[in-house]
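Residue-level structure breakdown
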Amino acid sequence: AKTGLDVLRARLTIVRPPRTFIAEHNAGEQGRLRMQCILEVPADATNLLIVAGEGRNLTEEGHCVWFDESFEHTLLYEHPERSRMALYIDVLHPGLLDEDQRGLPDIEAGPLDVPDFLEKACRWDSKRLLASL
């Protein structure tokens, strides 16, 4: 039996002060879930992720959220001086059958041990995480 999730890609992102706005967009097709883990963010920043009209201000380092990339989403980041760093992991949607994944980008997927990833990436501070990459 298959275990874990099929990882499509992982990347670190940095958004810069004083203001970064990423306009509403989506993946264009179903089949991809994204996990966003906040690695470094000032406590007094605005780090607003809006997915399908629901907004969350993500200012807790080490906190991760999942969302479906096929839904419209946008990001607003504001802080006078400091950047925000996050880790993104894109996975194949585990609820879709193979035939439902036609048309997804050709990115080779690989297994991800979710408990191990959560322990390493989302519970440690950003400097320790970067040293492990």
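The coordinates are above.
Let me sum up the structure you'll find in this document.

Definitions and limits used
- Residues numbered from 1 in each chain as written.
- Predicted model: local features only at pLDDT ≥ 70, side-chain atom pairs only at ≥ 80, totals over all residues.
- Heavy atoms only, no water.
- Phe/Tyr/Trp six-rings, centres within 6.5 Å; stacked < 30°, edge-to-face > 60°.
- Lys NZ or Arg CZ within 6 Å of the ring centre and 35° of its normal.
- Helix = DSSP H or I, 4+ residues; strand = E, 2+ residues; numbered from the N terminus.
- Buried < 20%, exposed > 50% of the residue type's maximum accessible area, 1.4 Å probe, protein only.
- Contact = heavy atoms within 4.5 Å.
- Polar contact = N/O pair within 3.5 Å; in protein donor to acceptor, adjacent residues only side chain to side chain.
- Salt bridge = Lys/Arg side-chain N within 4 Å of Asp/Glu carboxyl O.

This brings us to the packing of aromatic side chains. All told, the structure shown has zero aromatic pairs when counted by the stated rule. A cation over an aromatic ring shows up here: R11 above the ring of Y88, its NZ or CZ 5.9 Å from the ring centre.

Along the chain, E72 falls in the loop between β6 (64-68) and β7 (73-78). A residue is classified by how much of its surface remains accessible, and E72, at 32% relative accessible area, is partly exposed. Placed 45 residues apart in sequence, E72 and A27 show a C-alpha to C-alpha distance of 8.2 Å. Setting aside residues up to four positions removed in sequence, E72 forms contacts with E24, H25, N26, I50, V51 and A52. Within the structure, the side chain of E72 is placed 3.1 Å from the side chain of N26, a separation counted as a polar contact.

Glancing now at the pattern of salt bridges. Within the structure shown, the criterion is met by six salt bridges. E78 serves as the salt-bridge partner of R19, at 3.1 Å between the closest nitrogen and oxygen. Of this pair, R19 sits in strand β2 (residues 19-25) while E78 is found in strand β7, placing the two residues 59 residues apart along the sequence. Through salt bridges with shared partners, one network takes in R9, R32, R34, E69 and D90.

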